[in-house]
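Close look at the chain arrangement
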Amino acid sequence: MGSRFLYWPGCTTSYLLPELSERMGGLLGRLGIDFKLLSGKERCCGYPLVLLGDYESFSSLAVDVVDLISAEEPEAVITNCPGCYRCFTEFYPRFLGRNSFKVMHSTRLIYDAIKDGKLRFRNSAKLRITYHDPCDLGRHSGIYDVPRNILTSIPGVELVEMERSRESARCCGGGGLLRLSISQLSTQIAVTRIKDDIAPLNVDAIVTACPTCLKNLRDGVSISKLIYDTKDFNVLDIVELVDMLIE
Amino acid sequence: MSSWFESYKEEITRELENEVLRVALERFSKTYWNARNSALRRLPYYNYYRKRAREIKAWSIEHLGELLKMVKENVESLGGSFYLARNADAAVEYISKVCDGRNARLVVKSKSMVTEEISLNEALIKKGIEVVETDLGEWIIQLRNEKPSHIIYPAIHLTTEEIAHTFSKALGSNVPADALKLVRIARERLRQKFVDADVGISGANVIAADTGTVFVIENEGNARFSTNAPSVHICVSGIEKVVPTVEDALLISRVITPNATGQLMPVYISLITGPSRTADIELKLTLGVHGPKEYHMVLVDNGRSKMMKDSDFKEASYCIRCGACLSECPVYREIGGIIWSYKYMGGIGAIWTAFTHGLEKAAPIAFTCAVCGRCKAVCPMEINIPEMILKLRERLLKAGLTPQQLINISNNIRNLNNPFGIIREVEKA
């Protein structure tokens, strides 16, 4: 009790990318943000149940999650997962009939900190990057500009747009549970994203803002390198990039 | 329930390893993207057109009963026949009877997805009728005994080289992989068929109720021949194609075209209003001059009314069949539409299939969607396909058609608090 914010990493970050949640925690700490984690009490947000059409299980899980979060009385829930973000902001109100808590995606928090002058970057970066719009953040939640504003605020970082970006962005292949259900197809979509959309840009790194995209694009990079001899692109979550380049 | 999903996944793997498909879809995806974007840049009123098109479709679906009545009255007053087919069997039976009545031995067809939906060709061929598809893409897949892989580009899963191979086999001579030469062959081989055919069957892109006019959009000229040369024309389409006026139908045609092919206007839009006629001799009305003497319009319901009455899926009936959602879909880009379909392919195809052919046929299509929303972003009618996919998955779950592998995800969430099935030691607080 008492912490203003609750950091909700979500299952993908928490179970498959623990280093990302550590980065995120570190960044929050450096920003002087008073936050806490649910740690062992953490649940799935239920988004996979929505994607399965299992609305019955989802509704009952959502009630539990709202209780769990409300008990902490946070000013806002911060998550770096666009799936959780969409689920909390779109499906919770739809199924529960009310807004239960305030949710912020990590990109909003970071951008606000930049605007408030709380985040300063080293001047030493020299990085040519592209940004991959996660479906759940972009098309499904309408957040296209905030991550781009962060990237263009970092000195020495050059943002190169893909031809297929924003609402035209090709999915990384990890959406709709495909990564878990038809993984070969899922990875192949990532390979095409790398080979067709990213490789021609000659960038050093691919930045995204979603743990599922991160995992799928990383798989895509290694396979595309193997088959098409494309570059061994570094795939970074925007949280990682920011944390790396912070003053 | 898992077995079908496992074998379906094996089919996906085979398609991912299909070299011809991979090359064909890579070429298609780039060409289409450029063509559509450049067309839209040259259509300053596109957004007005498509928003108006949505209003027209929404209104038409609400008033479909009266619009269908108007179409029937108009077609009949023109000397044509109108038949509302409740289901696929009724449509096939009616069309078969018309063919029987004329002792038809040769039928030429222009492109029609509804005739695919009702499996018309198979039924006519069974009766000993020669059925020739005259749209180039349809003719190619007919030669290969395949089904269309895209509603606009039926043979888009094939490369020029592969089509040359198919032609070489069919003709028994070596045909070079040259699009121009392949087109010439189709022209030579099909020309006489139009003349000899007893019946021409076409689809319809839009139908205007106020005059009973059918709009047939095409580039090749085969639909003009098919609907004009034989003495009988049967137009087969879905009931959802009807809009109030000729102007509405033209506007919808203008929305279909850039999204379908990246053109500002198609080469041909045929407006067909009844059988051909003359009154040149003493103003005596005589049917059947150079065009068909006999004209039938067959509109198929086959699950459509049910879809329109279902608030979750009603908007799927706004679909104008431009195919933009397929052409831009990242899943389609990898596996195409042969395995990702029963008759209708992709995300919107899953919804259509659920109503035209039932939930079981729709299940594999629905569970292959990435729910990424690219289709919704590109759809001129703003149909919320990803949302409908989720609602369809809900019905599939209730019908026991969800693959076990996906049920396991749900179980993992319930039992282990994560979708991956990872067992984690609970940290002591």
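Provided above is the structure to which this section pertains.
What comes next is a walk through the structure. Here, residues in each chain are numbered from 1, in the same order as that chain's written sequence. The order in which chains are written sets their letters, starting at A; the order in which ligands are written sets their numbers, starting at 1. Two thresholds apply to this predicted model, a pLDDT of at least 70 for residue-level local features and 80 or more for giving and counting side-chain atom pairs, whereas whole-chain, interface and lining totals are computed over all residues. Excluding hydrogens and water, the side-chain values take into account all heavy atoms of the structure.

1. Side note on the overall build of chain B
What chain B contains, in helices and strands, is 20 helices and 12 strands. The globule rule puts the C-alpha radius of gyration for 429 residues at 22 Å, and the 23 Å found for chain B is close to it. In terms of principal-axis extent, the alpha carbons of chain B reach across some 100 × 55 × 45 Å. Between buried and exposed lies partly exposed: a residue is buried under 20% and exposed over 50% of the maximum accessible area for its type, with that area taken using a 1.4 Å probe on protein chains only. Within chain B, the proportion of its 429 residues that are buried is 57%. Two residues qualify as a contact provided that any one of their heavy atoms is within 4.5 Å of a heavy atom in the partner residue. Relative to all contacts within chain B whose residues are 6 or more apart in sequence, the contacts with residues 24 or more apart total 75%. Here the accessible surface of atoms and residues is derived via Shrake-Rupley with a 1.4 Å probe, and residues count as covered only by protein chains that are part of the display. Just so you have it, chain B exposes about 18200 Å², and 51% of that area is on carbon and sulfur atoms. In summary, the charge assignment counts Lys and Arg as positive and Asp and Glu as negative, without counting His or the chain termini. Charged groups are reduced to one reference atom each: NZ for lysine, CZ for arginine, CG for aspartic acid, CD for glutamic acid. Within chain B, one finds 55 positive and 50 negative side-chain charges whose respective centroids are separated by 2 Å. Helix and strand labels come from DSSP, where a helix needs a run of H or I of at least four residues and a strand needs a run of E of at least two; each type is numbered from the N terminus. We compute the radius of gyration from the C-alpha atoms alone; for a globule the expected value is 2.2 Å times N to the 0.38, where N is the number of residues.

2. Observations regarding the pairing of strand 3 (residues 76–79) of chain A
All names here are of chain A. Burial along strand 3 is two-sided: A76 and I78 facing one way and V77 and T79 facing the other are all buried. Relative to strand 3, strand 1 (residues 5–7) runs parallel, the two being bridged by three bridges. Counted as the bridge partner of L6 is V77 from strand 3. Relative to strand 4 (residues 103–105), strand 3 runs parallel, the two being bridged by three bridges. Residue pairing across strands places T79 opposite H105, the latter belonging to strand 4. Consider the strands pointing away from the viewer: the crossover is right-handed when the path from the first strand over the helix to the second runs clockwise. Traced from strand 3 through helix 5 (residues 82–96) to strand 4, the parallel crossover comes out right-handed. A pair of strands is labelled paired if DSSP reports no fewer than 2 bridges between them.

3. Thoughts on the sheet that holds strand 1 of chain A
Residue and element names in this part refer to chain A. As summarised here, the arrangement of the four strands in space is 2-1-3-4, forming an open sheet in which the pairing is parallel. Pairing within the sheet leaves two strands with one partner each, and these edge strands are strand 2 (35–37) and strand 4. Each neighbouring strand pair of the sheet contributes to a mean axis angle of 30°, computed without reference to strand direction. Axes here mean lines fitted to C-alpha atoms, for a helix over just the part in contact, with angles spanning 0 to 180 degrees between N-to-C directions. Sheet strands in contact with helix 5 are strand 3 and strand 4, and its direction is about 150° off that of strand 4. Contacting strand 3 and strand 4, helix 6 (residues 106–115) crosses the sheet at an angle of about 75° to strand 4.

4. Comments concerning the packing of aromatic side chains
Working definition: an aromatic ring pair is given by the centre-to-centre distance plus the angle between the planes. All names here are of chain A. When the centres of two rings from Phe, Tyr and Trp lie within 6.5 Å, Trp using its six-membered ring, the rings pair. Their planes under 30 degrees apart give stacked, over 60 give edge-to-face, and anything left gives tilted. Scanning the entire structure with this criterion turns up 18 aromatic pairs over all chains. Centroid distance F58 to Y92: 5.6 Å. Interplanar angle 75°. Geometry classified as edge-to-face. A residue pair is termed long-range when its members are at least 10 positions apart, and F58 in helix 4 (residues 55–70) and Y92 in helix 5 qualify at 34 residues. Pair check on accessibility: F58 and Y92 agree, each one buried. A ring pair is formed by F88 and Y92, whose centres lie 5.0 Å apart and whose planes are at 85°; its orientation type is edge-to-face. Of this pair, F88 and Y92 are both found in helix 5, four residues apart, which corresponds to roughly one turn of the helix. A relative accessible area of 4% means that F88 is categorised as buried. Three or more aromatic residues joined by ring pairs form one cluster here, namely W8, Y55, F58, F88, Y92, F95 and F101.

5. Details of the environment of T89 of chain A
All names here are of chain A. Relative to the elements of secondary structure, T89 occurs in helix 5. Look at T89 and you get partly exposed, because its relative accessible area is 34%. C-alpha of T89 to C-alpha of N99: the two residues are 10 residues apart in sequence and 8.0 Å apart in space. Counting of polar contacts relies on pairs of N or O atoms within 3.5 Å, with two restrictions inside protein: one atom must be capable of donating a hydrogen and the other of accepting it, and residues adjacent in sequence are counted only when both atoms are side-chain atoms. Of the polar contacts made by the side chain of T89, one reaches the backbone oxygen of Y85; its length is 2.7 Å.

6. Considerations on the packing of helix 2 (residues 18–30) of chain A against helix 11 (residues 238–245) of chain A
Residue and element names in this part refer to chain A. Packing of helix 2 against helix 11 leaves a shortest axis separation of 9 Å and a crossing angle of 50°. Taken together, the axis directions place helix 2 and helix 11 in an arrangement best described as oblique. As helix 2 runs across helix 11, the sense of the crossing is left-handed. Along the contact surface, helix 2 presents L20, R23, M24, L27 and R30, while helix 11 presents V239, E240, V242, D243 and M244. What sets the label is the angle itself: under 35 degrees gives roughly parallel, over 145 gives roughly antiparallel, 65 to 115 gives roughly perpendicular, and the rest give oblique. Working rule for handedness: look at the near helix, and if it is turned counterclockwise from the far one by less than a right angle, call the crossing left-handed; if clockwise, right-handed.

7. What to know about the sheet that holds strand 5 (residues 206–208) of chain B
Strand pairing in a sheet relies on backbone hydrogen bonds. The paired strands run either parallel or antiparallel. Spatial strand order, 8-5-6-9 (chain B): four strands in an open sheet with mixed pairing. Looking at strand neighbours, the two that pair on one side only are strand 8 (242–243) and strand 9 (268–272) of chain B, the edges of this open sheet.

8. A word on unusual backbone geometry
The residue S39 of chain A is not glycine, and still its phi comes out positive at about 50°. By secondary structure assignment, the location of S39 of chain A is in the loop between strand 2 and helix 3 (47–52). With phi around 55°, E382 of chain B is a residue other than glycine that occupies positive phi space. Structurally, E382 of chain B can be placed in the loop between helix 18 (374–378) and helix 19 (385–398).

9. A few points about the nonpolar core
Nonpolar side chains in soluble globular proteins generally cluster together in the buried interior. Membership of the largest hydrophobic core comes to 214 residues, with the highest contact counts inside it found for F88 and Y92 of chain A together with I95 of chain B. Residues contacting I95 of chain B, with those up to four places away along its chain left out, are I118, L120, I201, I234, V236 and V298 of chain B. By size, the runner-up hydrophobic cluster in this structure holds 19 residues, among which are L136, A155, I163 and L182 of chain B. Put simply, buried Ala, Val, Leu, Ile, Met, Phe, Trp, Tyr and Cys residues joined by side-chain atoms within 4.5 Å make one nonpolar core.

10. Topic: the interface of chain B and chain A
Each partner contributes residues to the interface: chain B has 50 residues there, and chain A has 48 residues. A 1.4 Å probe defines the accessible area here, and the buried area is the portion of it lost by two parts on being joined, summed over both. Buried surface at the junction of chain B and chain A, summed over both partners, amounts to about 4200 Å²; 59% is from carbon and sulfur atoms. Definition used for salt bridges: Asp or Glu carboxyl oxygen within 4 Å of a side-chain nitrogen of Lys or Arg. Across the salt bridge formed by R94 of chain A and E387 of chain B, the nearest N and O atoms sit 2.7 Å from each other. Connecting chain B to chain A are 20 residue pairs in polar contact (both at pLDDT 80 or more). Mapped onto the side of chain B that touches chain A, the elements with two or more residues apiece are helix 1 (3–16), helix 2 (19–41), helix 15 (332–335), helix 18, helix 19 and helix 20 (404–416) of chain B.

11. Considering the pattern of salt bridges
Summed over the entire model, instances satisfying the criterion amount to 54 salt bridges over all chains. For K36 of chain A, the salt bridge is made with E72 of chain A, and the minimal N-O distance between the two is 3.0 Å. On the criterion of sequence distance, the pair formed by K36 of chain A in strand 2 and E72 of chain A in the loop between helix 4 and strand 3 is long-range, its members being 36 residues apart. Judged by its relative accessible area of 25%, K36 of chain A falls in the partly exposed class. Exposure remark for E72 of chain A: the relative accessible area of 7% places this residue in the buried category. Where R395 of chain B meets D312 of chain B, a salt bridge forms, and the shortest distance between an N and an O atom there is 3.0 Å. Taken as a pair, R395 of chain B in helix 19 and D312 of chain B in the loop between helix 13 (304–309) and helix 14 (324–328) lie far apart in primary sequence, 83 residues in all. Residue D312 of chain B is classed as partly exposed on the basis of its relative accessible area, which comes to 26%.

12. Thoughts on the packing of helix 9 (residues 183–198) of chain A against helix 10 (residues 211–228) of chain A
Residues and elements named next belong to chain A. Between helix 9 and helix 10, the shortest axis-to-axis distance is 8 Å and the interhelical angle comes to 70°. As the angle between them shows, helix 9 and helix 10 are arranged roughly perpendicular. Handedness of the crossing formed by helix 9 with helix 10: right-handed. From helix 9, S186, T187, A190, V191, R193, I194 and K195 reach across to helix 10, where they touch N216, L217, D219, G220, V221, I223, S224 and Y228. Note on residue categories: nonpolar means Ala, Val, Leu, Ile, Met, Phe, Trp, Tyr, Cys or Pro, charged means Asp, Glu, Lys or Arg, and polar means any other residue, Gly included. For the contact of helix 9 with helix 10, the class distribution of residues is seven nonpolar, five polar and three charged.

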